[in-house]
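Fold and contact review
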Amino acid sequence: MKESSEPALRREAEADMYFEFDPASVRTEYELLHLMRRLIARYRFQRFLIARLPLAEQQRFSESLVLSNWPPELVRQYDASGAFHASVLVQRLRQTKLPLAGGAELLDAASTEGGDISVRHLADPDMARHFALLLHTTYGEPYVVLLSGAREEPVGAECAMLYLTLVQLFECLERTFDTGSTVREKLSGREIECLRWAAAGKSSDEIAIILGISAYTVSSYFKSATRKLDAVNRMQAIARAMRMKLI
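Here's a quick rundown of the structure. (Residues numbered from 1 in each chain as written. Predicted model: local features only at pLDDT ≥ 70, side-chain atom pairs only at ≥ 80, totals over all residues. Heavy atoms only, no water.)

Describing the nonpolar core
Counting residues in each nonpolar core, the largest one holds 30 residues, and the members touching the most others are Met-36, Leu-147 and Leu-166. Mapped onto this core, the elements with two or more residues apiece are α2 (29–42), β1 (47–52), β2 (65–68), β4 (129–136), β5 (142–149) and α6 (156–177). With nine residues, α6 is the single largest residue contributor to this core. Setting aside anything within four residues of it in sequence, one finds Met-36 in contact with Phe-48, Leu-67, Leu-147, Leu-166 and Leu-169. Residues Ala-83, Leu-89, Met-127 and Val-144 belong to the second largest nonpolar core, which totals 24 residues. (Core = buried A, V, L, I, M, F, W, Y, C linked by side-chain atoms within 4.5 Å. Buried < 20%, exposed > 50% of the residue type's maximum accessible area, 1.4 Å probe, protein only. Helix = DSSP H or I, 4+ residues; strand = E, 2+ residues; numbered from the N terminus. Contact = heavy atoms within 4.5 Å.)

Shown next, in the form of structure tokens:
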């Protein structure tokens, strides 16, 4: 009697979907970015992002964003919409530990007294469908991982394998946060104060009044902090300082 080849075919299919990498070799965000690009190509997604789960209405999308391959213009437009903190995506992830899948409506703001905020017109063809999960750091800080593309929802063994891989990659990302302790030693107290007040929405002139220094001096602190954080502008410096738990 001829043996069925089904078990062998199943093992072959599972091996084909496996994403292999060495977690110990991942030391920087750049290396993780490269791995994330490989991952989405492997699972036939086009976009990805990792962001802090917003804990307050004032937290903007750009300030929450940690890692992504979203086009800069799309980031700016979604940031300007103000929809992220109240999005269907964020609200539903707060209610489950399981992976979440859905269409473009996940990025819309959930229904409120003021009506809906629809941002579906922002999405490009590469963001027709989404696969998301909520992950936590060792210290319990919540983060959103979102993969987007035109493919169908991952199910079964593929979903489980993708979930496990994202957990492993997120652990690699958390290790890069530890570099913040070294940067803290390099930043002066005034530089950290300026970044903290800027993150709270204060302008350079307002920070100058609060700290009792000139606006020119505040600008100098921002320039030096931006350089030490290896950032390209003030906004990125603030985002990196927040990610490194400096502010």
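There's plenty left to go through after this.
Thoughts on the pairing of strand β3 (residues 100–103)
Along any regular strand, the residues point their side chains to alternate faces of the sheet. What you see with β3 is no split at all: Leu-100 and Gly-102 on one side and Ala-101 and Gly-103 on the other are buried throughout. In the sheet, β3 pairs with β4 via four bridges, with the strands oriented antiparallel. In the sheet register, Gly-103 faces β4, and the bridge partner there is Arg-129. (Pairing = 2+ DSSP bridges.)

Let's talk about the layout of surface pockets
In this model, the largest pocket occupies a volume close to 490 Å³. The wall of the largest pocket is formed by 16 residues, among which Ser-62, Leu-65, Val-66, Gln-236 and Ala-239 lie closest to the centre. The set of elements that each furnish at least two residues to the lining of the largest pocket consists of α2, β2 and α11 (234–243). The leading source of residues in the lining of the largest pocket is α11, at five residues. Split by residue class, the lining of the largest pocket holds nine nonpolar, four polar and three charged. When residues of the lining of the largest pocket are sorted by domain, at least three fall in each of domain 1 (9–177) and domain 2 (182–244). (1 Å grid on protein atoms, 1.4 Å probe; cavity = no way out; pocket = protein on both sides within 12 Å on 5 of 7 lines; lining within 4 Å. Points joined across faces, edges and corners; volume = space filled by probe spheres on them. Nonpolar A, V, L, I, M, F, W, Y, C, P; charged D, E, K, R; others polar. Domains from an automatic or database assignment.)

Concerning the packing of aromatic side chains
The final tally for this structure, using the stated rule, is eight aromatic pairs. Centroid distance Phe-61 to Phe-84: 5.1 Å. Interplanar angle 65 degrees. Geometry classified as edge-to-face. Taken as a pair, Phe-61 in helix α3 (residues 61–64) and Phe-84 in the loop between α4 (72–81) and α5 (88–93) lie far apart in primary sequence, 23 residues in all. For Phe-61, a relative accessible area of 2% translates into the label buried. Taking relative accessible area as the criterion, Phe-84 reaches 2% and is therefore assigned buried. When the centroid spacing of 5.9 Å and the interplanar angle of 50 degrees are considered together, the rings of Trp-70 and Tyr-78 count as tilted. Here Trp-70 and Tyr-78 have matching classes, each one buried. Chaining the aromatic ring pairs together yields one cluster made of Phe-61, Trp-70, Tyr-78 and Phe-84. (Phe/Tyr/Trp six-rings, centres within 6.5 Å; stacked < 30°, edge-to-face > 60°.)

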